[in-house]
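Below are the chains, spelled out letter by letter.
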2 protein chains.
Amino acid sequence: MTDAGGTLPAIAFVGLGAMGAPMAQNLLRAGFAVTVHNRTRHREEPLVEAGASRASSPAEAARDAEICITIVSDVPDVEEVICGPEGVLNGLRAGRLVVDMSTIGPKAARAVQHSCAQSNVRFIDAPVSGGPSGAQDASLAIMAGGAEADFQEALSALRAMGKTVALMGPVGAGQAAKLVNQVIGAGTFCAVAEGLMLARKLGLDETQTMDVIAGGAAGSWMVERLAPKMIGHDFEGGFKIELQAKDLRLVIENADELGLPMPLTRMIRQFLAAAAAEGHAQHGTQSVISVWERLSAS
Amino acid sequence: MTDAGGTLPAIAFVGLGAMGAPMAQNLLRAGFAVTVHNRTRHREEPLVEAGASRASSPAEAARDAEICITIVSDVPDVEEVICGPEGVLNGLRAGRLVVDMSTIGPKAARAVQHSCAQSNVRFIDAPVSGGPSGAQDASLAIMAGGAEADFQEALSALRAMGKTVALMGPVGAGQAAKLVNQVIGAGTFCAVAEGLMLARKLGLDETQTMDVIAGGAAGSWMVERLAPKMIGHDFEGGFKIELQAKDLRLVIENADELGLPMPLTRMIRQFLAAAAAEGHAQHGTQSVISVWERLSAS
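Residues numbered from 1 in each chain as written. Chains lettered and ligands numbered in written order. Predicted model: local features only at pLDDT ≥ 70, side-chain atom pairs only at ≥ 80, totals over all residues. Heavy atoms only, no water.

1. Observations concerning the environment of V128 of chain A
All names here are of chain A. Turning to its location among the elements, V128 is positioned in strand β7 (residues 128-129). Remark: the alpha-carbon pair of V128 and Q175, spanning 47 residues in sequence, is separated by 9.0 Å. Filtering out sequence-adjacent residues up to four positions away, V128 remains in contact with M19, M23, I71, M101, L140, A141, I142, M143 and K178. (Helix = DSSP H or I, 4+ residues; strand = E, 2+ residues; numbered from the N terminus. Contact = heavy atoms within 4.5 Å.)

Shown next as structure tokens:
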């Protein structure tokens, strides 16, 4: 049940989206036996070609697994694939481990843990940061919450998918850290967008300006990696506006329960909503520059 | 008049604040002959001990200089030390070069250039980023605006004070790039502050959370260098709230003339005003965390 002695745990992997598909590929590459399932079944095919087994439902995928990994879009999706009629809990044996890598916030993670506990199944949350490119080259940051022993059991699998793997605290703590990450990331890329539009209107060479800024106190991953896509209007790929908006909705829901005002995050949600309204919901977060372009054109 | 052939230009240096004093020290260290002046005269003393000459006014400092560098706080200060009754233009010979490294925005820089031109003095703007620590270890980013030949003439001096030295365009372009830098930097550190307060309220280890985030897509200089000071309430040192607020005032003044809305920057000015109102005007920008602490306590 652990990789001590070299035996890798059998993995069920549910959710083969832009993140899940490359993550499952990395598990196969690392030598894990993986059984995959995805609601849109044809997305299982490239994984099967790479050596995975496939299953007709989450329950079926989980039947012989030691660890069941789930990564889907939002809270109702997690509830369905884990707790639903054909969910993981209807297949996974008692005592086994669910690792949910979706971003659903700490409150929802604790609720799913509660459902798992009623089936005598252990649970850890382990959301990720780094986007599709980080999923592809196994350089994700993975923020986990749960019992130390459960984390250790999942560690060989998590290390096959990410570069930084950290246990942040009890169940929900991984989700909490992910929400903090999303607040900081979204604030940073919106600041880059507003600054970039100012550079354009002031007549500066945008690329040269971002290059100079990258090396100083205003430098960031977003200045280095996202600003070039904003400048080039390269809106395909990256982390979708729709999902970033969902993550900030979770931030507000969880912060409201703590009585914590999030003035910056509330404003940024408006920028994301405006970008989605202009047709960028399925584009990467770099497309938020369109909001400033519209503002300055009016 | 240039350093070709190894002869360094004689420098007048006006303004020995938290930035100017260590910058002038670096010029001395690099072998330049430097004549200093500061309104509060006793601040000249450590420079004189390090080998500088001193002068009783900006005009007096500039009399035998080939290049006159100014770095003071705001637009009226620049106007006074360059164009005032005892200003640089009443001492500097025709044909010589003024390098203003203050942050005053492109519009004010062009006005000062106009005054210089009336005295047959050349002008470039060359504001800096990197704060007092960058000034001390000569790792500043220096963003210049002006004629290529004037920039080349100042380059040996600029390289003695900064690591990244870039000509961004004509006079005002250095100021323009600096304003863009301030927009992005302030947005980034406010996002870090809002995220850090969320981490605290969610019960996370703040340092561990920032360490994990630093390595991912939400990572930045601010997460790495400023978040630890926010966590430790280490409010002394760093770039002052009062000066950051002044810089964003210049952003809004310049953006308004371009008809460019700056929604994020306008909100951030409110956070800076709130921090100043709570007694942090002279503290570093990391003290903006106090605004979120107050918000979450109410």
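2. Thoughts on the domain arrangement of chain A
All names here are of chain A. Split into domains, chain A comes out as domain 1 (11-171) and domain 2 (177-296). Each of domain 1 and domain 2 was reduced to a C-alpha centroid, and the two centroids are 28 Å apart. Taken together, the contacts link 14 residues of domain 1 with 13 residues of domain 2. Summed over both sides, the interface of domain 1 with domain 2 buries roughly 1100 Å², with 60% coming from carbon and sulfur. At the boundary of domain 1 with domain 2, the tally comes to 2 salt bridges. In this structure, K107 engages E257 in a salt bridge whose closest nitrogen and oxygen atoms are separated by 2.9 Å. Where domain 1 packs against domain 2, one counts 8 residue pairs in polar contact (both at pLDDT 80 or more). Contributions of two or more residues to the side of domain 1 that touches domain 2 are made by α5 (105-118) and β7. If you tally residues by element for the side of domain 1 that touches domain 2, the top one is α5, at 3 residues. (Domains from an automatic or database assignment. Buried area = accessible area lost by both parts, 1.4 Å probe. Salt bridge = Lys/Arg side-chain N within 4 Å of Asp/Glu carboxyl O. Polar contact = N/O pair within 3.5 Å; in protein donor to acceptor, adjacent residues only side chain to side chain.)

3. Some points on the relation of the copies chain B and chain A
When chain B is fitted onto chain A, the two copies agree to an RMSD of 0.0 Å after a turn of 180° and an axial shift of 0.0 Å. The transformation relating the two chain copies, once decomposed into turn and shift, fits a two-fold axis. Minimal C-alpha distance to the rotation axis in chain B is attained by S220 of chain B, lying at 1.9 Å. Residue by residue, 100% of the interface of chain B is reproduced at the interface of chain A, so both copies engage with the same surface. (Least-squares fit on C-alpha atoms with pLDDT ≥ 70 in both.)

4. Details of the nonpolar core
In this structure, V288 of chain A together with V288 of chain B are the most contacted members of the largest nonpolar core, which totals 150 residues. Not counting the four nearest positions on each side in its chain, V288 of chain A is found in contact with F189, C190, A193, M230, I241, F271, L272 and A275 of chain A. (Core = buried A, V, L, I, M, F, W, Y, C linked by side-chain atoms within 4.5 Å. Buried < 20%, exposed > 50% of the residue type's maximum accessible area, 1.4 Å probe, protein only.)

5. A few points about the packing of helix α1 (residues 20-29) of chain A against helix α7 (residues 148-161) of chain A
All names here are of chain A. Put simply, α1 and α7 touch, their axes get as near as 8 Å, and they point 115° apart. Helix-helix and strand crossings are classified by hand; for α1 and α7 the assignment is right-handed. Across the interface between the two elements, M23, N26 and L27 from α1 touch A157, A160 and M161 from α7. Within the contact of α1 with α7, the residues separate by chemical class into 5 nonpolar, 1 polar and no charged. (Axes fitted to C-alpha atoms, helices over the stretch in contact; angles between N-to-C directions. Left-handed = near helix turned anticlockwise from the far one by under 90°. Nonpolar A, V, L, I, M, F, W, Y, C, P; charged D, E, K, R; others polar.)

6. Remarks on the interface of chain B and chain A
At the interface, 56 residues of chain B touch 56 residues of chain A. Of the roughly 5000 Å² buried where chain B meets chain A, counting both sides, 77% is carbon and sulfur surface. On the chain B side of the contact with chain A, I184, E194 and L264 of chain B bury the most area, a combined 13% of that side's loss. Linking chain B with chain A are 0 salt bridges.

7. Thoughts on helix α11 (residues 241-258) of chain B
With 18 residues, α11 of chain B extends 26 Å between its outermost C-alpha atoms, agreeing within 8% with the 26 Å of an ideal straight helix rising 1.5 Å per residue. What α11 of chain B keeps buried is the set I241, Q244, K246, D247, L248, L250, V251, I252, N254 and A255 of chain B. Among the structural elements, α8 (173-201) of chain A together with α4 (75-83), α5 (105-118), α8 (173-201) and α12 (263-280) of chain B are those in contact with the buried residues of α11 of chain B. Immediately beyond the C-terminal end of α11 of chain B, within one or two residues, lies G259 of chain B, with a positive phi of roughly 70°. (Expected span 1.5 Å × (residues − 1).)

8. Details of the pattern of salt bridges
Applying the stated rule across the entire model yields 29 salt bridges over all chains. One salt bridge connects E293 of chain A with R200 of chain A, and the closest N-O pair in it is separated by 2.8 Å. Of the two residues, E293 of chain A is situated in helix α13 (residues 289-297) and R200 of chain A in helix α8; the sequence distance between them amounts to 93 residues. By relative accessible area, which is 30% here, R200 of chain A ends up partly exposed. Across the pair R122 of chain B and D150 of chain B runs a salt bridge, and its minimum N-O distance is 2.6 Å. A residue pair is termed long-range when its members are at least 10 positions apart, and R122 of chain B in strand β6 (residues 122-125) and D150 of chain B in helix α7 (residues 148-161) qualify at 28 residues. Judged by its relative accessible area of 24%, R122 of chain B is partly exposed. Salt bridges sharing common partners tie together R41, E44 and R54 of chain A.

9. Overview of the environment of Q244 of chain A
Residue and element names in this part refer to chain A. Note on placement: Q244 falls in helix α11 (residues 241-257). Along the primary structure Q244 and E80 are separated by 164 residues, whereas in three dimensions their C-alpha atoms are 21 Å apart. The residues touching Q244, leaving out its near neighbours within four places in the chain, are Q182, A186, F189, F239, L272 and T285.

10. As for the side chain of E153 of chain A
All names here are of chain A. Counting through the fold element by element, E153 comes out in helix α7. Assessed through its relative accessible area of 8%, E153 is described here as buried. Among the polar contacts listed, one links the side chain of E153 to the side chain of R122, at a separation of 3.0 Å.

11. Quick word on the packing of aromatic side chains
Given two aromatic rings, their pairing is described by the distance between the two centres and the angle made by the two planes. Residues and elements named next belong to chain A. Applying the stated rule across the entire model yields 2 aromatic pairs over all chains. Note on F271 and W292: the rings are 4.5 Å apart at their centroids and 50° apart in plane angle, and the pair reads as tilted. Note that F271 is positioned in helix α12 (residues 263-280) and W292 in helix α13, a separation of 21 residues in sequence. (Phe/Tyr/Trp six-rings, centres within 6.5 Å; stacked < 30°, edge-to-face > 60°.)

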